[in-house]
Amino acid sequence: MDQAQKQEWYGRVASLCQSKAEEFAMLGYENVEATDVWECVTNGYKEFPPMHRLVNDILSLKPNKYMNYLMIQMYKNS
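Residues numbered from 1 in each chain as written. Predicted model: local features only at pLDDT ≥ 70, side-chain atom pairs only at ≥ 80, totals over all residues. Heavy atoms only, no water.

With an unreviewed UniProt entry as reference, the protein chain is termed Post-transcriptional regulator, source organism Brevibacillus agri.

**Student:** Any chance you could explain the side chain of Thr-42 here in plain terms?
**Tutor:** On the secondary structure map, Thr-42 appears in helix α2 (residues 34–42). A polar atom in the side chain of Thr-42 sits 2.8 Å from the backbone oxygen of Trp-38. Those residues in contact with Thr-42 that lie beyond four places of it in its chain are Lys-6, Phe-48 and Leu-54. (Helix = DSSP H or I, 4+ residues; strand = E, 2+ residues; numbered from the N terminus. Polar contact = N/O pair within 3.5 Å; in protein donor to acceptor, adjacent residues only side chain to side chain. Contact = heavy atoms within 4.5 Å.)

**Student:** Just to check I follow, could you spell out the packing of aromatic side chains for this structure?
**Tutor:** In this description, a pair of aromatic rings is defined by centroid distance and the angle of the planes. The tally for this structure, following the rule as stated, stands at seven aromatic pairs. Chaining the aromatic ring pairs together yields one cluster made of Trp-9, Tyr-10, Trp-38, Tyr-45 and Phe-48. (Phe/Tyr/Trp six-rings, centres within 6.5 Å; stacked < 30°, edge-to-face > 60°.)

**Student:** Can you help me understand the packing of α2 against helix α4 (residues 63–77) in this one?
**Tutor:** To describe two helices that pack against each other, one gives the angle between their axes and the distance between the axes. Where α2 meets α4, the closest approach of the two axes is 10 Å, and the angle between their N-to-C directions is 85°. When the axis of α2 is compared with that of α4, the two are roughly perpendicular. Only Lys-65, Tyr-66 and Tyr-69 of α4 make contact with α2, whose side of the interface consists of Asp-36, Glu-39 and Cys-40. Residue composition of the contact of α2 with α4, by class: three nonpolar, no polar and three charged. (Axes fitted to C-alpha atoms, helices over the stretch in contact; angles between N-to-C directions. Parallel < 35°, antiparallel > 145°, perpendicular 65-115°, else oblique. Nonpolar A, V, L, I, M, F, W, Y, C, P; charged D, E, K, R; others polar.)

**Student:** Before we go on, may I ask you to explain the environment of Cys-17 in this structure?
**Tutor:** Relative to the helices and strands, Cys-17 is located in helix α1 (residues 3–26). Note on Cys-17: relative accessible area 0%, which makes it buried. Spatially, the C-alpha atoms of Cys-17 and Asp-36 are 8.4 Å apart, while their sequence positions differ by 19 residues. (Buried < 20%, exposed > 50% of the residue type's maximum accessible area, 1.4 Å probe, protein only.)

**Student:** Would you explain a nonpolar patch on the surface in this entry?
**Tutor:** A cluster of nonpolar residues, Met-71, Met-74 and Tyr-75, forms a patch on the protein surface that exposes about 340 Å² of accessible area. With respect to the element layout, Met-71 can be found in helix α4. (Patch = residues over 30% accessible without salt bridge, like charges linked within 9 Å, V, L, I, M, F, W, Y side chains within 5 Å. Areas by Shrake-Rupley, 256 points an atom, 1.4 Å probe, with all protein chains shown as cover. Salt bridge = Lys/Arg side-chain N within 4 Å of Asp/Glu carboxyl O.)

**Student:** Any chance you could explain α4 here in plain terms?
**Tutor:** Three- or four-residue spacings in an α-helix give side chains the same orientation, since the helix completes a turn every 3.6 residues. The terminal C-alpha atoms of α4, which comprises 15 residues, lie 21 Å apart, in line with the 21 Å expected from a rise of 1.5 Å per residue. Listing the buried residues of α4 in full gives Pro-63, Tyr-66, Tyr-69 and Gln-73. For α4, the angular spread of the buried residues around the axis is 120°, confining them to a single face. The outward face of α4, more than 90 degrees from its buried face, is lined by the exposed residues Asn-64, Lys-65 and Tyr-75. (Expected span 1.5 Å × (residues − 1). Arc of directions from axis to C-beta.)

**Student:** Teacher, can you tell me more about the pattern of salt bridges here?
**Tutor:** Pairing between side chains becomes possible if they bear opposite charge and their charged atoms approach one another. Scanning all chains against the criterion turns up three salt bridges. When the shortest N-O distance is used, the salt bridge between Arg-12 and Glu-8 registers 3.0 Å. With Arg-12 and Glu-8 both in helix α1 and four residues apart, the pair spans about one turn of that helix. Classification of Arg-12 as exposed rests on a relative accessible area of 51%. Overall, the relative accessible area of 42% leaves Glu-8 in the partly exposed class.

Pasting the structure below:
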């Protein structure tokens, strides 16, 4: 999937990502942005799934999975 397609898909679900980031903020994870949620969810995709699966993956993202993603990214970048 090219970058333009990825941006188009993000545009469709950006409000969901923002909602999930706000949910995490209410749980005490205050520095989470909508783009962080997007990157966490789409990180494991080799190709993009159907829209309903992408929406489900965003809405069902748990803080534990997000924190694991952050730790893995931190180790990869160091």
